[in-house]
Amino acid sequence: MALMRVRVATWNINSLRLRLPLLEKVLAELDPDVLCLQETKVPDPLFPADLFPGRAAEHHGYAHVAYRGMKGYNGVAILSRIPFTVDEAAPDWCAKGDCRHMAVSLAVPSGPVALHNFYVPAGGDEPDPAINPKFAHKLAFVEEATAYFAAQSPFTRTVLVGDLNIAPLEHDVWSHKQLLNVVSHTPPETTRMRQWLETGFVDAIRHFVPSDRKHYTWWSYRNRDWRASDRGRRLDHVWVSPDLVSSLQGHTTLKEARDWERTSDHVPVSVTLSL
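Since the structure is predicted, the reported quantities are computational estimates derived from the model, not experimental observations. (Residues numbered from 1 in each chain as written. Predicted model: local features only at pLDDT ≥ 70, side-chain atom pairs only at ≥ 80, totals over all residues. Heavy atoms only, no water.)

Chemist: Explanation requested: the sheet that holds strand β13 (residues 248–253) in the structure shown.
Modeler: By definition, the strands of a sheet pair up through backbone hydrogen bonds, in either a parallel or an antiparallel sense. The mixed open sheet is built from 6 strands, whose spatial order is β3-β4-β2-β1-β14-β13. Strands with a single pairing partner mark the edges of an open sheet, and in this sheet they are β3 (64–68) and β13. Averaged over all adjacent pairs, the angle separating strand axes in this sheet is 10°, with direction ignored. Sheet topology places strand β2 (residues 34–38) next to strand β4 (residues 76–80); 5 bridges connect them, and they run antiparallel. Bridged to Q38 within β4 is V76. (Pairing = 2+ DSSP bridges. Helix = DSSP H or I, 4+ residues; strand = E, 2+ residues; numbered from the N terminus. Axes fitted to C-alpha atoms, helices over the stretch in contact; angles between N-to-C directions.)

Chemist: In this structure, what is going on with the sheet that holds strand β5 (residues 84–86)? I would like to understand it.
Modeler: Sheet architecture is open: 6 strands sit in the order β5-β6-β7-β8-β12-β9, paired in mixed fashion. Whereas interior strands pair on both sides, the edge strands pair on one side only; in this sheet they are β5 and β9 (202–203). Note: β5 against strand β6 (residues 101–106), 3 bridges, orientation antiparallel. Within the sheet, the bridge partner assigned to T85 lies in β6 and is S105. Packed onto the sheet, helix α2 (residues 133–152) meets β7 (113–119) and β8 (158–163) and runs at close to 170° relative to β7. Against the sheet, helix α4 (residues 187–197) engages β7, β8, β9 and β12 (236–240), with an angle of about 30° to β12. (Contact = heavy atoms within 4.5 Å.)

Chemist: What should I look at first to understand the pattern of salt bridges in this one?
Modeler: A side chain of one charge can pair with a side chain of the opposite charge if their charged atoms are brought near each other. In the structure shown here, the tally under the stated rule is 13 salt bridges. Across the pair E88 and R68 runs a salt bridge whose closest N-O atoms are separated by 3.7 Å. A residue pair is termed long-range when its members are at least 10 positions apart, and E88 in the loop between β5 and β6 and R68 in strand β3 qualify at 20 residues. Each of R5, D31, D33 and R81 takes part in salt bridges that share partners, so that together they form one network. (Salt bridge = Lys/Arg side-chain N within 4 Å of Asp/Glu carboxyl O.)

Chemist: Can you walk me through the nonpolar core in this structure?
Modeler: Note on soluble globular proteins: their nonpolar side chains tend to be buried together. One finds V34, I78, L106, L115, V159 and V238 to be the most contacted residues of the largest nonpolar core, which totals 29 residues. Leaving out residues up to four positions away in the same chain, I78 has contacts with V34, L35, C36, H64, V65, A66, F84, M102, V104, L115 and N117. Within the second largest apolar cluster, 25 residues are counted, among which are I13, L37, Y62 and W260. (Core = buried A, V, L, I, M, F, W, Y, C linked by side-chain atoms within 4.5 Å. Buried < 20%, exposed > 50% of the residue type's maximum accessible area, 1.4 Å probe, protein only.)

Chemist: Please explain the environment of A136 as it appears in this structure.
Modeler: Tracing the backbone through its elements, the reader meets A136 in helix α2. Given the relative accessible area of 26%, A136 is considered partly exposed. Considering only alpha carbons, one finds A136 and P121, 15 residues apart in sequence, at a separation of 9.9 Å.

Chemist: Looking at this structure, I do not really get the side chain of H137. What am I missing?
Modeler: The residue H137 is located in helix α2 in this model. Accessibility expressed as a relative area gives 14% for H137, which makes it buried. Look past the residues within four positions of H137 in its chain and what remains in contact with it is C94, K96, D98, R100 and P121.

Chemist: How do you make sense of the UniProt feature "site: Transition state stabilizer" (unreviewed entry) in the protein chain when you look at a structure like this?
Modeler: As recorded in UniProt, the feature "site: Transition state stabilizer" (unreviewed entry) lies at N165. Secondary-structure assignment places N165 in the loop between β8 and α3 (176–179). Residue class for N165 comes out buried when judged on its relative accessible area of 9%. (UniProt positions renumbered as here; feature names shortened; annotations may be inferred.)

Chemist: Quick question: what am I supposed to make of α2 here?
Modeler: With 20 residues, α2 extends 29 Å from end C-alpha to end C-alpha; this agrees with the ideal 28 Å at 1.5 Å per step. By the burial criterion, the buried members of α2 are F135, H137, K138, L139, F141, V142, A145, T146 and F149. Turning to α2, the residues buried within the fold contact β7, β8 and α4. Backbone nitrogen of K134 and a side-chain oxygen of the N-cap are separated by 3.0 Å at the start of α2; the cap is N132. (Expected span 1.5 Å × (residues − 1). Polar contact = N/O pair within 3.5 Å; in protein donor to acceptor, adjacent residues only side chain to side chain.)

Chemist: Just checking my understanding: could you explain the pairing of β12 for this structure?
Modeler: When a strand is regular, its side chains alternate between the sheet's two faces. For β12, a buried count of 5 out of 5 residues is recorded, marking the element as mostly surrounded by other parts of the structure. Burial along β12 is two-sided: D236, V238 and V240 and H237 and W239, pointing in opposite directions, are all buried. With 2 bridges joining them, β9 and β12 adopt antiparallel strand pairing. For D203, the partnering residue across the bridge sits in β12 and is W239.

Chemist: Any chance you could explain the packing of α2 against α4 here in plain terms?
Modeler: Each pair of packed helices can be summarised by the angle the axes make with each other and by the distance between the axes. One can describe the packing of α2 onto α4 by two numbers: an axis separation of 9 Å at closest approach and a directional angle of 15°. Considering their axes alone, α2 and α4 lie roughly parallel with respect to each other. By crossing handedness, the relation of α2 to α4 is classed as left-handed. The residues of α4 that touch α2, namely those facing F135, K138, L139, V142, E143, A145, T146 and F149, are P188, E189, R192, M193, Q195 and W196. By residue class, the composition of the contact of α2 with α4 is 8 nonpolar, 2 polar and 4 charged. (Parallel < 35°, antiparallel > 145°, perpendicular 65-115°, else oblique. Left-handed = near helix turned anticlockwise from the far one by under 90°. Nonpolar A, V, L, I, M, F, W, Y, C, P; charged D, E, K, R; others polar.)

Okay, here's the thing in structure tokens:
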């Protein structure tokens, strides 16, 4: 059987309805077979059926769309050219029902591929779970996800993507020393992320970009000239199970998307596999 090119992209869109005009730009630039979105901020009854003004999703080949959302914040969605089934048994993380995860099985001709789309809690500003419930929730969420995947290990043909809201490595942030006590790069977070990764995943982006090279996917809106200051963090990730490492063909971090008008503070990331 001939192998199929499968390109999976992830993007924290930071409000689907607000940035709907940019959706086509991302699809045109990356040409993904599957696009996973986070922070859609739209409840399911209001999810825009017409994702592309004047044209249905099928016009672009994305005949398969699933979403899980709520009013005002969080929310995930998956647009796909490849048929899939939604895993309705996926956990309700921390029993909050806050629409931070969607799992599907992609019907790839060579065999099904499990795909997980995550939006991990940001964690607030104070990196102390004793006084910051948001940070406590973040740590508990990652611990729960780690236990879930550890219970299934070893697993195969699995891809995990999303805004994981943690920059785990020294060169995933603009200044390791200055951000050690800033939420997203603190030792309690990076240690837990490493434990989650070690349940059976490989960091697909760092497969292509050596860990001693700076690499970011997020730049704060507070930086007026974000490109000049380049104070970024790598918060958006793609992981694959070890059996898929040999299938990895390439990656793209669409940095120029950060310059688009009314864009997200995150940029899209994709990997291409031969499956």
